[in-house]
Amino acid sequence: MGLFNFSQDIGIDLGTANTLVFIKGKGVVVSEPSVVAKNVGTGSIEAVGTDAKHMIGRTPRSISVIRPMKEGVIADFETTALMLKYFLKKAMQKRSFFAGKPNVMICVPSGITMVEERAVIDAAKQAGAKDAFPITEPFAAAVGAGLPVWEPTGSMIIDIGGGTTEVAVISLGGIVTSKSIRVAGDNMDQAIIQYIRKEYNLMIGESSAETLKLEIGSAQIEDDHETIDIRGRDLLSGLPKTITLTGKEIASALKESMDAIINAVKFTLEKTPPELAADIMDRGIVLSGGGSLLKNIDKVISDETNIPVFITDDPLESVAVGTGESLKYMQHFRSHVNVSSRPSVE
């Protein structure tokens, strides 16, 4: 049997931090970090995804670990195409990939330029797609969260990924108003790294910063007594060193990132028509994406907007699931190119 005899439709959440592949009828079949390890001398691929992420900070000079996606867009086209090809093959490993080329629906940030969007589509085609259609991340996230996006009612979604935070108000199958900012999970990790470097003259890696964020990080500064030991390299002596950090310190390091996200939410609400704003007041705001796992982030946004905030059931997969669910509207995408009809992004 050919690979796509039952369906040739695939949804891809091509994220800065992680890439997820959704096959119609099967659900999410691949979920791995958007990381590639390449041999510097030969240019050959040494590892992709989870295996490559484990190499970060641990490779010899001959191997370079690359994150080809930056702030939601392609930073390294060739590597992104190779990574996509690997993930597509892995998703369909039990069948012959060459039996037929799939149609692919792939996520893009709502604030992406036409040039950046074209790069994503071209990368998908180079990876083996017959045709590729873009869908904006907040729309996909809203579909994945189960919001009534096709109805004449206002739904508000905040998708906090690795490279971008997408805030959007959706009604009648389109984005009414939105704001895309390049402040998200990666930005938070860098803020933690810089804080520790400034306060303790200690250099830590991205993986350690992410651990700190998830273990004791919070969206609001609290007088808690949570602590964690972290190891790094002392910038003064050059030797390994261990320090103890508090949750309050990590929350302080994250404050600037949180302020940017809250300002994006307020901006979007200010641009929302009154009728839709009333719907959002009644229904609340939905949070998705890995960034929504940060402790107290729903409470902070709710306090700042005076609107109830809910975290979707599966924030890490909501965009991929929404992309997959939108595959049934493939004809709509063929005729409209983008389901969001190119929302206005201030």
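What you are looking at is a predicted structure, and each value in this text was computed from that prediction instead of being measured.

One can find Ile-66 in strand S6 (residues 63-66). For the pair Ile-66 and Arg-233, spaced 167 residues apart in the sequence, the C-alpha separation amounts to 22 Å. The contact partners of Ile-66, leaving out residues within four places of it in the chain, are Ser-34, Val-35, Val-36, Lys-38, Asp-76 and Thr-79.

If you trace the three strands from one edge of the open sheet to the other, you get S5-S4-S6, paired in antiparallel fashion. Both outer strands of the open sheet, strand S5 (45-48) and S6, are each paired with one neighbouring strand and no more. With direction set aside, neighbouring strand axes in the sheet form an average angle of 20 degrees. Sheet topology note: the strand S4 (residues 36-39)/S5 ladder contains three bridges and is antiparallel. Counterpart to Val-36 in the pairing with S5 is Val-48.

Where strand S14 (residues 202-203) meets strand S15 (residues 227-234), two bridges bridge the pair, whose relative direction is antiparallel. Each residue of the ladder has a partner; that of Met-203, found in S15, is Arg-233. Looking at chain direction, S15 and strand S16 (residues 240-246) are connected through seven bridges and run antiparallel. Directly across from Asp-229, in S16, lies its bridge partner Thr-244.

Applying the stated criterion across every chain yields a total of two aromatic pairs. With a centroid separation of 5.6 Å and an interplanar angle of 65 degrees, the aromatic rings of Tyr-86 and Phe-87 are classed as edge-to-face. In this structure Tyr-86 comes out as partly exposed when scored by relative accessible area, which is 30%. Both rings, one in Phe-139 and one in Trp-150, keep their centres 5.6 Å apart while their planes meet at 75 degrees; by these two values the pair is edge-to-face. With Phe-139 in helix H4 (residues 137-144) and Trp-150 in the loop between H4 and strand S11 (155-160), the pair connects residues that are 11 residues apart, well separated along the chain. Accessibility expressed as a relative area gives 33% for Trp-150, which makes it partly exposed.

This part takes up the packing of helix H5 (residues 185-200) against helix H7 (residues 247-270). Between H5 and H7, the least distance of the axes is 9 Å, while the angle of their chain directions is 140 degrees. The angle between H5 and H7 falls in the class oblique. The two elements H5 and H7 meet at a crossing, and its hand is right-handed. Counting all contacts with H5, which are made through Asn-187, Met-188, Ala-191, Ile-192, Tyr-195 and Tyr-200, the residues of H7 involved are Glu-249, Ile-250, Ala-253, Leu-254, Ser-257, Met-258 and Ile-261.

What follows covers the environment of Ser-34. Relative to the helices and strands, Ser-34 is located in the loop between strand S3 (27-33) and S4. A sequence separation of 264 residues divides Ser-34 from Asp-298, and the C-alpha atoms of the two residues are 26 Å apart. Those residues within four positions of Ser-34 in sequence are excluded, and the remaining contacts are Gly-15, Thr-16, Ala-17, Asn-18, Thr-19, Ile-66, Arg-67, Pro-68 and Met-83. Among the polar contacts made by the side chain of Ser-34, one reaches the main-chain carbonyl oxygen of Gly-15 at a distance of 2.8 Å.

This part covers the pattern of salt bridges. Tallied over the entire structure, the rule returns 16 salt bridges. Across the salt bridge formed by Arg-67 and Glu-206, the nearest N and O atoms sit 3.5 Å from each other. With Arg-67 in the loop between S6 and strand S7 (69-70) and Glu-206 in helix H6 (residues 206-216), this residue pair connects regions lying 139 residues apart in the sequence. Residue Glu-71 pairs with Arg-182 through a salt bridge whose shortest N-O separation is 3.8 Å. With Glu-71 in the loop between S7 and strand S8 (73-74) and Arg-182 in the loop between strand S13 (174-181) and H5, the pair connects residues that are 111 residues apart, well separated along the chain. Taken together, the shared-partner salt bridges connect Arg-67, Asp-186 and Glu-206 into one network.

By the element assignment, Thr-16 lies in the loop between strand S1 (9-14) and strand S2 (18-23). A relative accessible area of 6% means that Thr-16 is categorised as buried. Reaching out from Thr-16, the side chain makes a polar contact with the backbone nitrogen of Gly-72 at a distance of 2.8 Å. With residues up to four places along the chain from it excluded, the contact list for Thr-16 reads Ser-34, Arg-67, Met-69, Lys-70, Glu-71, Gly-72, Gly-162, Gly-163 and Asp-186.

Mapped onto the elements of the fold, Thr-323 is located in helix H10 (residues 318-325). Among all residues touching Thr-323, those that are not within four sequence positions of it are Gly-11, Ile-12, Met-105, Cys-107, Ile-135 and Ala-140.

Below, the discussion takes up the domain arrangement of the chain. Domains assigned within the chain are domain 1 (10-139 + 319-335), domain 2 (146-183 + 258-315) and domain 3 (185-253). Between domain 1 and domain 2, the C-alpha centre-to-centre distance is 25 Å. Facing 16 residues of domain 1, the contacting portion of domain 2 comprises 16 residues. Together, Glu-71, Pro-138 and Phe-139 form the three largest contributors to the area buried by domain 1 at its contact with domain 2, with a combined 46%. At the junction of domain 1 with domain 2, the criterion picks out one residue pair in polar contact (both at pLDDT 80 or more). It is H4 that provides the largest number of residues to the side of domain 1 that touches domain 2, a total of three residues. Looking at the side of domain 1 that touches domain 2 residue by residue, the classes come out as seven nonpolar, six polar and three charged.

Rules behind the numbers
- Residues numbered from 1 in each chain as written.
- Predicted model: local features only at pLDDT ≥ 70, side-chain atom pairs only at ≥ 80, totals over all residues.
- Heavy atoms only, no water.
- Helix = DSSP H or I, 4+ residues; strand = E, 2+ residues; numbered from the N terminus.
- Contact = heavy atoms within 4.5 Å.
- Pairing = 2+ DSSP bridges.
- Axes fitted to C-alpha atoms, helices over the stretch in contact; angles between N-to-C directions.
- Phe/Tyr/Trp six-rings, centres within 6.5 Å; stacked < 30°, edge-to-face > 60°.
- Buried < 20%, exposed > 50% of the residue type's maximum accessible area, 1.4 Å probe, protein only.
- Parallel < 35°, antiparallel > 145°, perpendicular 65-115°, else oblique.
- Left-handed = near helix turned anticlockwise from the far one by under 90°.
- Polar contact = N/O pair within 3.5 Å; in protein donor to acceptor, adjacent residues only side chain to side chain.
- Salt bridge = Lys/Arg side-chain N within 4 Å of Asp/Glu carboxyl O.
- Domains from an automatic or database assignment.
- Buried area = accessible area lost by both parts, 1.4 Å probe.
- Nonpolar A, V, L, I, M, F, W, Y, C, P; charged D, E, K, R; others polar.

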